[in-house]
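# Coordinate analysis (summary)
Residue-level listing of the chains:
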Amino acid sequence: MSGTFVGMPAFPEAAREAVGNATLRGNLRHATHTIRAKRARAVAELSDWAELREAGRRIKDHTLRHLDRYLEQLEESVTAAGGTVHWAADAEEANRIVTDLVRATGESEVVKVKSMATQEIGLNEALEAAGIRAYETDLAELIVQLGKDRPSHILVPAIHRNRGEIRDIFTEEMGTWGRPAPEGLTDTPAELAEAARLHLREKFLRAKVGISGANFMVAETGTLVVVESEGNGRMCLTLPETLISVVGIEKVVPSWRDLEVFLQTLPRSSTAERMNPYTSMWTGTTDGDGPSTFHLVLLDNGRTDTLADTVGRQALRCIRCSACLNVCPVYERAGGHAYGSVYPGPIGAILSPQLRGTASEIDASLPYASSLCGACYEVCPVAIDIPEVLVHLRERVAEGGPAVRQGNRVLLKPAKGHAAERAAVRAARWALAHPAALRTGQRLASRTRRLHPRTLPGPGRAWTGTRDLPPVPAEPFRDWWQRTHGGKDTSK
Amino acid sequence: MRVALFLTCVNDTLYPDTGRAVVKLLTRLGVDVDFPMAQTCCGQAHYNTGYRHETEPLARHFSDVFGGYEAIVTPSGSCAAMVRELYPRMGERARAEGRGDSLARTLAPVVPKTYELTEFLVDVLGVTDVGAWFPHKVTYHPTCHGLRGLGLGDRPRRLLEAVKGLELVELPGAEECCGFGGTFALKNADVSAAMGADKVRAAESTGAQVLCAADNSCLMHIGGTMSRLRTAMRPVHIAEILASTEEEPAV
Ligand code: SF4
């Protein structure tokens, strides 16, 4: 994935900083609570939501099961419609393909539709290294790019920023990228939008190459689909001469009819709209209309490895609606950056450690970045059981086990730093399998209860730093039971 | 009806009052309660921290101890969810790993017979008015595993509403997690504490004297936060409210 995130500290450390930042927490709380209430209303309007959710789950599962077949069909359809298909095994290969394609046009600038796939591979940085400047045209993405920042939300990458911060970024940075912000810019939404419009218009009219992702690819016709709210994406898709789309292989659906389901569930889940304002669809090339050259780069980058895992593969059903982020109490406090990936929140916590593996500190910590409250599963429009996958990945981190990496079966060792915990868990399991030992421990705790400190040393400090411990009772229940019901115990 | 009380390791060790309350309540309702002394732990914390293989012997032990009863009642939404939802999943995983049906077969008998307390009262005994008296202003926090895992729905509320003298007040953002999450409270202590503090502030805003829930693990976290923030509010397990009567009131 993008080099930007390498060397991230583990989630708990990254989150600590965010928890202490009152502005960030306030911005996030306000934004997520507003959208979550709206989403609930938009979903409640449909009497068949449960059926739509189930249909979405099934379509995705069916497609994933026959992914090879549908991808071949897609390649044929795209080629027949005048496009060219490229296959990229990983980020490096995808970046090389795109860089070469842009170079072949002789251009040194491209305009971009907001796309998770290109962020995942760090395309902007790779193009920059090759002397090509990529301009983000989605408003929130533009704010992130101008602010030399990182996205913190799937749908609203600048969700952590408030209007005052955005005004400052526009005033300071727009000039170095193109048309500067108007004099005396205020932080009213209308003025900020107008400043962005003027800045971007200049880019749209000049660009010869556009780069996009896609929300869906229809195998039967080779049609790609982008849904968006602003219309800036449509400008990038229609004005340039060359269009390059970089799309994860899991985005394919078999037929147009399948879109019927997702075009209802996606907008309601993401922006709480009945229908998103812009749905753009393109099929290869058409004379005299839109780009005359079209390239599709199909990106694997860990996806087939993920597909090999029977529990974890459901993460590939994700349609990136971000509903799970907006209801997640951990995301709300920790912020998107703490996840160290372009995929933050609950989906990021299960997707990144599968796409990237669990070798790094941040990836090994992500499966634990959840209280397993289940709110994410409840809202997910394709019914991804995120808590189930989190626990499954915790197992991979704590106990090791079989996995597929780069197409090879491997046996993963437990992640570093879990040896002490594993020993403690084993000891606890032993005590719990021997009731007499448990009882001795309980009695000991009761007898020494007046000696217990208020704050604990070692790992216990994580508890007593902010919470008091309950007093240990004079007598555990089982002793009371034996004293009062002694003769009645009929168990072994 | 021969009912086994599965108290859970946390309640046994730290919250014996809850256990005594369950015994008192069920006995009052004419249920014959047994406490199998060999019981220990359902393995939830092990499982949810990623130690599925360490959990299997605990699950087998649970089944050995409780398999012979007609019903198993536990005052913990999360431990009931562990048995009902996750034991079958563990059996399936063992099968998928080519280890045969033995685990699934061993665990099968306890799965449908394990009930969270409020579920048992409403669904099995068919009561909502358990004859309790508790003259306090109470707010109810539905814990995540009870709410979303077991789908307890309005059962706890219906039971509380029938308690004489009790004034039930709405908890703002009730469905949001309190931040306990088992080992999450230790592994991500900062986020957990922030969530706990928000929960306590929401509870304080109701003016209630008591915050009630059906899971002592969450109450341990919320109560520990209340105590540190010097909140004049008490965490109380729902069993203790339902067991309280005019003759023998809960403190
Ligand atoms: S996991 Fe589900 S809820 Fe989260 S972004 Fe993906 S589709 Fe949306």
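Residues numbered from 1 in each chain as written. Chains lettered and ligands numbered in written order. Predicted model: local features only at pLDDT ≥ 70, side-chain atom pairs only at ≥ 80, totals over all residues. Heavy atoms only, no water.

## Here we look at the overall build of chain A
Let me state the cut-off plainly: Numbered from the N terminus, helices here are DSSP runs of H or I no shorter than four residues, and strands are runs of E no shorter than two. Put simply, the radius of gyration uses C-alpha atoms, and a globule should come to 2.2 Å times the residue count raised to 0.38. The classification of residues rests on relative accessible area computed with a 1.4 Å probe and restricted to protein chains. Under 20% of the type maximum is buried, over 50% is exposed, and intermediate values are partly exposed. In this description, contact between two residues means that some pair of their heavy atoms is separated by no more than 4.5 Å. Computed by Shrake-Rupley with a 1.4 Å probe, the accessible areas treat only the displayed protein chains as cover when residues are assessed.
When you go through chain A residue by residue, the secondary structure sums to 23 helices and 12 strands. Its C-alpha atoms give chain A a radius of gyration of 26 Å, within 12% of the compact-globule value 23 Å for 492 residues. Buried residues in chain A amount to 56% of all 492 residues. Here the analysis covers contacts within chain A between residues at least 6 apart in sequence; of these, 73% occur between residues at least 24 apart. Counting only carbon and sulfur atoms, one obtains 53% of the accessible surface of chain A, whose full area is about 20800 Å².

## So, the interface of chain A and chain B
Counted only if it meets this: Values labelled buried area give the accessible surface lost by two parts on being combined, using a 1.4 Å probe and summing over both. Salt bridges, as used here, are contacts in which a Lys or Arg side-chain nitrogen is within 4 Å of a carboxyl oxygen on Asp or Glu. Here a polar contact means two N or O atoms within 3.5 Å. Within protein one must be a hydrogen donor candidate and the other an acceptor candidate, and residues neighboring in sequence count only if both atoms are side-chain atoms. Side-chain classes follow a simple rule in which Ala, Val, Leu, Ile, Met, Phe, Trp, Tyr, Cys and Pro form the nonpolar group, Asp, Glu, Lys and Arg form the charged group, and the remainder, Gly included, forms the polar group.
Taken residue by residue, the interface counts 71 residues in chain A and 64 residues in chain B. For the pair chain A and chain B, the summed buried surface comes to about 5900 Å²; carbon and sulfur atoms form 56% of the total. Scanning the region where chain A abuts chain B turns up 10 salt bridges. Taken together, chain A and chain B are joined by 26 residue pairs in polar contact (both at pLDDT 80 or more). A total of eight residues in the side of chain A that touches chain B trace back to one element, the largest contributor, which is helix 20 (residues 419–433) of chain A. Considering only residue class, the side of chain A that touches chain B consists of 32 nonpolar, 15 polar and 24 charged.

## Looking at unusual backbone geometry
Backbone geometry follows two general trends: most residues other than glycine have a negative phi, and most peptide bonds adopt the trans configuration. In the Ramachandran plot, A272 of chain A falls in the positive-phi region, its phi being about 65 degrees despite a non-glycine side chain. Since its relative accessible area comes to 17%, A272 of chain A is described here as buried.

## Section: the sheet that holds strand 1 (residues 84–88) of chain A
All names here are of chain A. For clarity, the cut-off: We call two strands paired when DSSP finds no fewer than two bridges between them. Each axis is a line fitted through C-alpha atoms, and for a helix only the stretch in contact is used; angles between axes span 0 to 180 degrees, taken between their N-to-C directions.
As summarised here, the arrangement of the six strands in space is 1-10-7-4-2-3, forming an open sheet in which the pairing is parallel. Because the sheet does not close on itself, it has two edges, and the strands there are strand 1 and strand 3 (133–136). Averaged over all pairs of adjacent strands, the angle between their axes in this sheet comes to 25 degrees, without regard to strand direction. Summarising the sheet, strand 7 (residues 242–248) and strand 10 (residues 293–299) pair through seven bridges and their orientation is parallel. The residue bridging V246 from the neighbouring strand is V297, located in strand 10. Helix-sheet contacts for helix 4 (residues 67–80) involve strand 1 and strand 10, and the interaxial angle to strand 1 is about 145 degrees.

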